[in-house]
Number of protein chains: 2
Amino acid sequence: MNRKMPVKRVRTKQKRLSADDRRSEFVTKATELFAEEGFGGGTRALARRLGVTQPLLYRYFPSKDDLIKEVYRKVYLEPLEIGWEKLLSDRSRPLRVRLQEFYEVYTDAIFNRRWLRIYLYSGLKGLDINRWYVGMVKDKILTRILRECRHDAGLATQSRPSAAELELAWVFHGGIFYYGVRKYIYEAPVLEDKAQMISDALDIFLAGFERMAESATDRRRAPIKVVG
Amino acid sequence: MNRKMPVKRVRTKQKRLSADDRRSEFVTKATELFAEEGFGGGTRALARRLGVTQPLLYRYFPSKDDLIKEVYRKVYLEPLEIGWEKLLSDRSRPLRVRLQEFYEVYTDAIFNRRWLRIYLYSGLKGLDINRWYVGMVKDKILTRILRECRHDAGLATQSRPSAAELELAWVFHGGIFYYGVRKYIYEAPVLEDKAQMISDALDIFLAGFERMAESATDRRRAPIKVVG
DNA sequence: GGCTCAGTTTATCGAGCGATCACCAGAGAT
DNA sequence: ATCTCTGGTGATCGCTCGATAAACTGAGCC
């Protein structure tokens, strides 16, 4: 291996990676760069992070936009790998426990500088993938949570939650989400114990849902219009 | 007035504004542009919106950064003109009513595409003015709300709220804020009745605060059991 | 009328951007 | 040892950016 070492030093930067390795390295470092600088971050700055030259990027991606799309795909799909259905819908465990664990796991996945910044940057661009994600949170998380809450409260499990219920869940979810924004985007001091924050938020959400469920049995809630 | 009209049309673009007018026009249109495009929006695009040429900007602002700072100043100070102290601290009115009215007025001020986008863009840049604003929300809104809540619950009005209380208030506040983000940044469907959303959020926050205050008398802040 | 001065434009600079093309170099097969 | 294939580089193009300097212009004043 190292017999017959030539006088000329080997390049400190290890070059000549396999195509797959180099490609995924581009995506990884691009995620870091774009998280910090926004998607205006330059291809030259990206190449510098890899220790390669800028044109090399174009051997792996037709354009910067394609690289960005790859970054989206990776970032948006990251938190989906944690098996939500089981955590939320396993009725052999108490609802309170399920919700606590789900939000601890979910926030473990998305509460970091990289994910949150990419998410907000792409949200500001108004991309389809962002809308898709928001819709997925609604359908796969909030709707499911509400269904479990209704079941737990002994209410009829209707197929779709009411607009008011959904909004309640959104405000709850958004409150937790905003904890991450405060900590990792604003870098503001927050209550360090994340699990405690989730627990407290859950307390008031569940108490609020109960109250709402109770009053719903007495008098019917007025239907509330939602724009599409 | 229109006798003896010369052949050559008068310039459609009204030029030669007074210095003050032109300057504030720059700030106004820059706010709109940066809200849409982010602060990467170009000075030429800005000039086009005013119907003038790009170098004119530099007669009014030494650099683009100075213009941006002016935009911050205007945007961040906008919602401060609504007299918070009176709305929150006027104990002649019921707490619930004060909070409802405050959040309706406050969200009227900040829930619009322009404000929210500028706010998020500047938040992502991690600027001092953003930290200042977050600190101000904490000191001038949340701390005040908590003090009023403690007073209302017959608890001792301590000078500063506990970290857990503050976090509770932040999650509540963040949940409401996130409503605006969902509507104006994500452009997702939301419960159209903003007052209703605030009312529901207040219900669960106040109920949660009460419970927390009750259990605080036991020197114990155990998670509240949900009756099923 | 002619002077003045402030608001505005024309022309241009240097730097950085994304992207392209011809070329280089080194590991593996022969 | 030489060939070949492919990962990687150097040079450069066209464009846009923020910023500067000099020239223009039109309303108000004498």
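Refer to the preceding data block for the structure.
Treat the numbers as computed from the prediction; the structure is a model and nothing was measured.

Definitions and limits used
Residues numbered from 1 in each chain as written. Chains lettered and ligands numbered in written order. Predicted model: local features only at pLDDT ≥ 70, side-chain atom pairs only at ≥ 80, totals over all residues. Heavy atoms only, no water. Near = heavy atom within 4 Å. Polar contact = N/O pair within 3.5 Å; in protein donor to acceptor, adjacent residues only side chain to side chain. Helix = DSSP H or I, 4+ residues; strand = E, 2+ residues; numbered from the N terminus. Nonpolar A, V, L, I, M, F, W, Y, C, P; charged D, E, K, R; others polar. Expected span 1.5 Å × (residues − 1). Buried < 20%, exposed > 50% of the residue type's maximum accessible area, 1.4 Å probe, protein only. Contact = heavy atoms within 4.5 Å. Buried area = accessible area lost by both parts, 1.4 Å probe. Salt bridge = Lys/Arg side-chain N within 4 Å of Asp/Glu carboxyl O. Phe/Tyr/Trp six-rings, centres within 6.5 Å; stacked < 30°, edge-to-face > 60°. Least-squares fit on C-alpha atoms with pLDDT ≥ 70 in both. Axes fitted to C-alpha atoms, helices over the stretch in contact; angles between N-to-C directions. Parallel < 35°, antiparallel > 145°, perpendicular 65-115°, else oblique. Left-handed = near helix turned anticlockwise from the far one by under 90°.

A.B. asks: Hey, could you run me through the protein's contact with DNA strand C in this one?
C.D. replies: Taken together, 22 residues sit near DNA strand C, with Tyr58(A), Lys64(A), Arg16(B), Arg22(B) and Arg59(B) positioned nearest. For DNA strand C, the backbone makes up 46% of the atoms found within 4 Å of the protein, where backbone means sugar plus phosphate. Gln54(A) places a polar side-chain atom, nitrogen or oxygen, 2.8 Å from a base nitrogen of DNA strand C. Those elements that provide at least two residues to the surface near DNA strand C are α2 (43-50) of chain A together with α1 (19-37) and α3 (57-60) of chain B. Considering only residue class, the surface near DNA strand C consists of eight nonpolar, six polar and eight charged.

A.B. asks: Which parts of the structure should I look at to understand helix α1 (residues 19-37) of chain A?
C.D. replies: Since the α-helix advances by 3.6 residues per turn, residues separated by three or four positions end up pointing in the same direction. Residue and element names in this part refer to chain A. Over its 19 residues, α1 extends 26 Å from the first C-alpha to the last, a length consistent with the 27 Å expected when each residue adds 1.5 Å. What α1 keeps buried is the set Arg22, Phe26, Val27, Ala30, Thr31, Leu33, Phe34 and Ala35. Of the surrounding secondary structure, the elements contacted by the buried residues of α1 are α2, α3 (57-60), α4 (64-77) and α7 (113-125).

A.B. asks: Please explain the interface of chain B and chain A as it appears in this structure.
C.D. replies: Accessible area lost during the coming together of the parts is what is often quoted as the interface size. Taken together, the contact pairs 46 residues of chain B with 49 residues of chain A. The contact between chain B and chain A buries some 4300 Å² in all, and 65% of this surface belongs to carbon and sulfur atoms. Together, Leu124(B), Tyr186(B) and Ile204(B) form the three largest contributors to the area buried by chain B at its contact with chain A, with a combined 17%. Between chain B and chain A we count four salt bridges in total.

A.B. asks: I keep staring at the environment of Asp20(A) and nothing clicks. Help me out?
C.D. replies: Here Asp20(A) shows up in helix α1. For Asp20(A) and Tyr60(A), which are 40 residues apart along the polypeptide, the C-alpha to C-alpha distance reads 9.2 Å.

A.B. asks: Which parts of the structure should I look at to understand the packing of aromatic side chains?
C.D. replies: What describes a pair of aromatic rings is the distance from one ring centre to the other and the angle between the planes of the rings. According to the stated counting rule, one finds 50 aromatic pairs over all chains in the structure shown. Summarising the aromatic geometry, the rings of Tyr119(B) and Tyr133(B) are spaced 5.5 Å apart at their centres and angled 65° between planes, so their arrangement reads as edge-to-face. Of this pair, Tyr119(B) sits in helix α7 (residues 113-125) while Tyr133(B) sits in helix α8 (residues 128-152), and the two are 14 residues apart along the sequence. You'll find Tyr119(B) and Tyr133(B) in the same group, each marked buried. Three or more aromatic residues link up through ring pairs in this structure, and these residues are Phe34(A), Phe39(A), Tyr72(A), Tyr76(A), Trp115(A), Tyr119(A), Tyr121(A), Trp132(A), Tyr133(A), Phe177(A), Tyr178(B) and Tyr186(B).

A.B. asks: Whenever I open this one, the relation of the copies chain B and chain A confuses me. Can you help?
C.D. replies: Both copies of the chain are tied together by a single rotation about an axis and a shift running along it. Laying chain B over chain A is done by rotating through 180° and shifting 0.0 Å along the axis; what remains is an RMSD of 0.1 Å. In short, the pair behaves as if placed about a two-fold rotation axis. When C-alpha positions in chain B are compared against the rotation axis, the closest is assigned to Gly175(B), at 1.9 Å.

A.B. asks: I tried to follow the protein's contact with DNA strand D on my own but got confused; where do I start?
C.D. replies: Surrounding DNA strand D, one finds 22 residues, the nearest of these being Arg16(A), Arg22(A), Arg59(A), Tyr58(B) and Lys64(B). Among all atoms of DNA strand D positioned within 4 Å of the protein, those belonging to sugar or phosphate total 48%. At 2.7 Å, a side-chain N or O of Arg22(A) approaches a phosphate oxygen of DNA strand D. Between Arg16(B) and DNA strand D, the recorded distance is 3.1 Å, taken from a side-chain N or O atom to a base nitrogen. Elements represented by at least two residues in the surface near DNA strand D include exactly α1 and α3 of chain A together with α2 (43-50) of chain B. Residues of the surface near DNA strand D, tallied by class, amount to eight nonpolar, six polar and eight charged.

A.B. asks: Looking at this structure, I do not really get the packing of helix α6 (residues 95-110) of chain A against helix α9 (residues 163-185) of chain A. What am I missing?
C.D. replies: The angle between the axes and the distance between the axes are what describe a pair of packed helices. Residues and elements named next belong to chain A. Close contact between α6 and α9 brings their axes to 11 Å; oriented N to C, the two are set at 45°. What the angle tells us is that α6 and α9 run oblique. The way α6 lies across α9 gives a crossing that is right-handed. The residues of α9 that touch α6, namely those facing Tyr103, Tyr106, Thr107 and Ile110, are Phe172, His173, Ile176 and Phe177. Residues of the contact of α6 with α9, tallied by class, amount to six nonpolar, two polar and no charged.

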